[in-house]
Amino acid sequence: MAIMIEVLNKQHKVIERHKFKQDVVRLGRAYDNDLVLFDKHVSPHHAELSKTEDGSWQLKDLASLNGSSLAQGEPIHVETALVSGELCWLGQQALRIYDENHPVPPAQPYNQLEQKLSRFGHWPLMTMLLLLVLLSEVFSMWLDVPNPERNEWPRLLVGLPLLVLVLMIWPSLLALWAKINQHEARFFAQVGITFAAVVLIQLLNSVFAVLNFSLDGHAVFQWLEEISSILVIVGMLTANFYLALQISTTRKVLLASAIGGVILLQSFSDTLLTNDYHQRMPSFDSQLLPLSFYFNEPQTSTEFEAANRELFEQVNLLKEQQTAENENDSTGG
């Protein structure tokens with residue numbers, strides 16, 4: 001009867017899996033062992049597994065420095081019978097032993113939601129979302145720049161690569177966490193989901209800018225704008241956690257909702273403290289009227305005086321023409 005040995009990491013995730021058909025399997029750091037382990041606390045010839053006449057397996061410690069033990073914390077000094085699937089330690093190296101007849105769980109169907117979320121990592125979709133983010137930022141810059149001739153564009157455009165790097169910090173942290181926990185990183189899918197959320201928030205901000213202007217900045221729509229953005233963030237976090245964390249779906253949703261709730265409370269507290277939503281004064285919004293149309297071209301004092309003189313001359317000329325027309329009408333009458 002063959003034996004299966006799984007080598008586990010500190011989180012008890014499988015990092016190696018080996019199958020042996022001989023009756024004795026030697027374990028240790030020395031290279032002449034059947035299974036070479038690399039943990040520094042494992043002795044060169046640490047332990048050995050041997051098959052008994054009835055087909056079961058026994059573990060024996062070979063007078064190692066740090067000893068061997070079972071999952072129950074029982075140290076092994078003599079040959080100890082193992083149960084298939086039992087956990088044991090050689091020093092600090094965890095192993096799980098199976099015989100070849102050990103039952104395995106049934107195959108799991110594909111997770112449809114996980115498959116759909118992974119599509120955000122496809123290069124065409126991710127590139128399109130990135131372009132939408134950058135185009136939206138460039139358009140916002142154009143709205144906020146009062147004079148295109150002031151050479152501000154090079155300075156503003158330099159910030160675009162920095163924006164992309166900032167947006168990729170969160171997906172990178174999620175991918176790193178997944179990798180640490182021996183889970184598929186799905187970095188590009190996380191990046192695509194983040195870009196999609198940013199695009200959606202930018203679109204919502206544009207829609208609510210028009211609604212606020214059309215409805216005289218009604219407070220209800222301003223609250224709805226905040227809540228809509230938070231809902232998008234909660235949806236993004238839920239999708240992120242769904243791909244990165246190995247916890248139940250309910251816990252993923254609750255964790256994302258808790259973070260979104262904290263952000264919403266922070267936003268509301270800032271609003272109430274500053275009393276912004278109770279100010280009914282009109283405010284300028286570059287999304288509705290770009291600064292390039294809002295401001296006049298700058299003029300020197302000499303140019304301003306010349307423009308004023310020309311305006312007065314035009315008014316005087318028009319006045320003289322109207323006086324002459326009135327006199328002609330009176331003479332004809």
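Preceding this section is the structure that the text describes.
The structure presented is a predicted model; accordingly, all values stated were derived computationally and were not measured.

K.L.:
Please provide a residue-by-residue account of the packing of aromatic side chains, values included.
P.N.:
Tallying each qualifying case throughout the model produces three aromatic pairs. Pairing W170 with F241 gives two aromatic rings, centres 6.2 Å apart and planes at 70°, and the pair type is edge-to-face. With a gap of 71 residues between them, W170 in helix α5 (residues 169-180) and F241 in helix α7 (residues 219-244) connect regions that are remote in the sequence. Overall, W170 belongs to the partly exposed group, its relative accessible area being 29%. With a centroid separation of 5.3 Å and 65° between ring planes, the pair formed by F187 and F188 is classed as edge-to-face. Ring pairing ties together the aromatic residues W123, F187 and F188, which thus form one cluster. Above the face of the Y242 ring, K252 is positioned so that its terminal group lies 4.4 Å from the ring centre.

K.L.:
A description of the sheet that holds strand β10 (residues 86-90) should follow, citing residues and the corresponding values.
P.N.:
With antiparallel pairing, six strands are arranged side by side in an open sheet as β2-β1-β11-β10-β7-β8. At either margin of the open sheet sits one strand with a lone partner, and together these are β2 (14-20) and β8 (75-76). Examined bridge by bridge, strand β7 (residues 68-70) and β8 share two bridges and lie antiparallel to one another. Within β8, the residue paired with S68 across the bridge is I76.

K.L.:
Could you give an account of the nonpolar core, with specific residues and numbers?
P.N.:
Counting 20 residues, the largest nonpolar core has I5, V25, L27, L49, L59, L95 and I97 as its most contacted members. At the level of elements, β1 (3-8), β3 (24-28), β5 (47-51), β6 (57-61), β10 and β11 (93-99) are the ones that each hand at least two residues to this core. In terms of residue count, the dominant contributor to this core is β1 (three residues). In this structure, L59 is in contact with L27, A47, E48, L49, I76, V78, E79, T80, L82 and C88, ignoring residues within four places of it in sequence. If you look at the next biggest cluster of nonpolar residues, it comprises 17 residues, including A189, I230, A239 and F241.

Each value, and the rule that gives it
Residues numbered from 1 in each chain as written. Predicted model: local features only at pLDDT ≥ 70, side-chain atom pairs only at ≥ 80, totals over all residues. Heavy atoms only, no water. Phe/Tyr/Trp six-rings, centres within 6.5 Å; stacked < 30°, edge-to-face > 60°. Helix = DSSP H or I, 4+ residues; strand = E, 2+ residues; numbered from the N terminus. Buried < 20%, exposed > 50% of the residue type's maximum accessible area, 1.4 Å probe, protein only. Lys NZ or Arg CZ within 6 Å of the ring centre and 35° of its normal. Pairing = 2+ DSSP bridges. Core = buried A, V, L, I, M, F, W, Y, C linked by side-chain atoms within 4.5 Å. Contact = heavy atoms within 4.5 Å.

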